[in-house]
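Chain by chain, the residues:
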Amino acid sequence: MELPSHLDAVRQSYDAVAADYARTVEGPAVALDPLSRAVLGAFAELVTSAGAGPAADVGCGPGKVTAYLSGLGVPVFGVDLSPRMVELARAAHPELRFDVGPMSALAAGDGELGGVLAFYSTHHLPPEELPAVYGEFLRALAPGGHLLLVTRVGDEGHQHRRYGYGGDSAPFDSYRLPEDRIAELLERAGFTIEARTLQAPEEGAKRPVAGFLARKPATAATT
Ligand SMILES: C[S@@+](CC[C@H](N)C(=O)[O-])C[C@H]1O[C@@H](n2cnc3c(N)ncnc32)[C@H](O)[C@@H]1O
């Protein structure tokens, strides 16, 4: 798969740390916190009650959250840029589907998905690529389908650094946007925001975490 160089760096870096990352997120210290479980629970209920199609967990990593959603009754598959992450996800959850691919080109037809989850996975995209990626989520969602996007937020900062997770990777980029900017971009892409959460940084972290529960309008807006 031909990828632009910044995405290739993300892929290579997560390939390098995949096993360490998987060990980290499976550990009890980073079990899903109560607020994450609450927003994932709301998303799961909305997706299953609409029955509009499966959900895609984009940037699923080793599949922990994909499996959590599946346990809540959501028909869900994962997709990730990193083949090594997908290998680990398939090994840990052989009953679920995991694909290798970028979230900017989902393997789903127009309106085929009931939900899109982007859980701590959009921060490596340069801000100028967000409109196209949010547009891709909207395209793949059924009318009335839901997006849950959870990400750390901050000033318009950009970091070029290594990710450890106990291992080591080549340096790669990550970006923090203010939560209002993300909300504006989601609305501009065509989403209706139904709820927002803002969670204080947990011990050892610097940045708060914002959650956006958004819906693709059932009918296109007319002017
Ligand atoms: C911090 S991990 C989060 C994994 C998982 N969502 C979780 O919460 O455990 C970020 C994941 O997003 C993936 N990723 C980053 N950019 C991506 C892109 N443009 N398309 C698909 N996956 C991407 C990475 O390979 C990595 O597995």
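Residues numbered from 1 in each chain as written. Predicted model: local features only at pLDDT ≥ 70, side-chain atom pairs only at ≥ 80, totals over all residues. Heavy atoms only, no water.

Per an unreviewed UniProt entry, the protein chain carries the name SAM-dependent methyltransferase and comes from Streptomyces violaceoruber.

## As for the pairing of strand 2 (residues 76-80)
What counts, and what does not: Per-residue accessibility, obtained with a 1.4 Å probe over protein chains only, is compared with the maximum for each type, and a residue is labelled buried under 20%, exposed over 50%, and partly exposed between these values. Each helix is a run of DSSP H or I of at least 4 residues and each strand a run of E of at least 2, with the numbering of both proceeding from the N terminus. Strand pairing is assigned whenever DSSP identifies at least 2 bridges connecting the two strands. Handedness of a crossover: with both strands directed away from the viewer, a clockwise path from the first strand across the helix to the second marks it as right-handed.
Of all five residues in strand 2, five are buried, a share of seventy percent or more. Where burial is concerned, the two faces of strand 2 agree: the one with V76, G78 and D80 and the one with F77 and V79 are both buried. Pairing of strand 1 (residues 55-58) with strand 2 involves four bridges; the strand directions are parallel. Bridge assignment links A55 to a residue of strand 2, and that residue is V76. Each parallel crossover has a hand, and the one from strand 1 via helix 3 (residues 64-71) to strand 2 is right-handed. Here strand 2 pairs with strand 3 (residues 97-100) via four bridges, running parallel. By the bridge assignment for strand 3, D80 is matched with V100.

## A few points about the site of the ligand
We count it as follows: Whether a residue is near a molecule or strand depends on its heavy atoms: if one lies within 4 Å, it is near. Under this definition, polar contacts are N or O atom pairs within 3.5 Å; protein pairs additionally need one hydrogen-donor-capable and one acceptor-capable atom, and for neighbouring residues in sequence, both atoms have to be side-chain atoms. Method for areas: the Shrake-Rupley scheme with a 1.4 Å probe, in which residue coverage is limited to the protein chains shown. Each residue is assigned to one class: nonpolar for Ala, Val, Leu, Ile, Met, Phe, Trp, Tyr, Cys and Pro, charged for Asp, Glu, Lys and Arg, and polar for all the others, Gly among them.
Taken together, 20 residues surround the ligand, and among them Y21, G59, D80, M103 and F119 come closest. Separating a nitrogen atom of the ligand from a backbone N or O atom of F119 is a distance of 2.8 Å. The protein chains hide 97% of the 600 Å² of surface that the ligand would expose on its own. Top element by residues in the shell around the ligand is helix 1 (residues 5-26). It accounts for four residues. Partitioning the shell around the ligand into residue classes produces 13 nonpolar, six polar and one charged.

## Section: the pattern of salt bridges
Any two side chains of opposite charge can pair if their charged atoms end up close together. So the rule is basically this: Between Lys or Arg on one side and Asp or Glu on the other, a salt bridge is scored when a side-chain nitrogen of the former is within 4 Å of a carboxyl oxygen of the latter.
According to the stated counting rule, one finds eleven salt bridges in the structure shown. Ionic pairing is found between R11 and D8, a salt bridge with its closest N-O pair at 2.5 Å. Taken together, the residues span about one helical turn, with R11 and D8 both in helix 1 at a distance of three residues. Since its relative accessible area comes to 21%, D8 is described here as partly exposed. Residues E184 and R188 are paired through a salt bridge, measuring 2.5 Å at the closest nitrogen-oxygen approach. Note that E184 and R188 are positioned in helix 6 (residues 179-189) at a spacing of four residues, about one turn of the helix. A residue is classified by how much of its surface remains accessible, and E184, at 34% relative accessible area, is partly exposed. Overall, R188 belongs to the exposed group, its relative accessible area being 62%. Each of the salt bridges in this network shares a partner with another, and the network as a whole consists of D110, E136 and R139.

## A look at the nonpolar core
The tendency in soluble globular proteins is for nonpolar side chains to be buried as a group. The cut-off we apply is this: Working definition of a nonpolar core: buried Ala, Val, Leu, Ile, Met, Phe, Trp, Tyr and Cys residues. They are joined through side-chain atoms within 4.5 Å. Here, residues are in contact when the closest pair of their heavy atoms is within 4.5 Å.
Counting residues in each nonpolar core, the largest one holds 44 residues, and the members touching the most others are V58, L113, Y134, F137, L147, L186 and F191. What L186 contacts, discounting residues up to four positions off in sequence, is Y134, L147, L149, F191, I193 and F212. Listed in part, the 17 residues of the second largest apolar core include V39, F43, A44 and V150.

## Focus on the sheet that holds strand 8 (residues 192-199)
Going by this rule: Axis definition: a line fitted to C-alpha atoms, over the contacting stretch in the case of helices. Angles run 0 to 180 degrees between N-to-C directions.
Read from one edge to the other, the open sheet built from seven strands follows the order 3-2-1-4-5-9-8, with strand pairing classed as mixed. The open sheet has two edge strands with one neighbour each: strand 3 and strand 8. Neighbour-to-neighbour, the strand axes of the sheet open up by a mean angle of 15°, direction not taken into account. Helix-sheet contacts for helix 2 (residues 34-50) involve strand 1, strand 4 (113-119), strand 5 (141-152), strand 8 and strand 9 (209-215), and the interaxial angle to strand 4 is about 165°. This element, helix 4 (residues 83-92), spans strand 2 and strand 3 of the sheet and lies at about 170° to strand 3.

## Regarding the packing of aromatic side chains
Put simply, the test is: Planes of paired rings set the category: under 30 degrees apart is stacked, over 60 is edge-to-face and the rest tilted, where pairs are Phe, Tyr or Trp rings (Trp by its six-membered ring) whose centres lie within 6.5 Å. Consider the ring centre and the ring normal. A charge sits over the ring if Lys NZ or Arg CZ is within 6 Å of that centre and within 35 degrees of that normal.
Enumeration over the complete set of coordinates arrives at two aromatic pairs. Taken together, a centroid distance of 4.9 Å and an interplanar angle of 80° make the contact between F119 and Y120 edge-to-face. Relative accessible area serves as the criterion here: at 11%, F119 is assigned to the buried category. The exposure class of Y120 is partly exposed, given its relative accessible area of 27%. When the ring centre of F77 is taken as origin, the NZ or CZ atom of R97, which lies over that ring, is 3.9 Å away.

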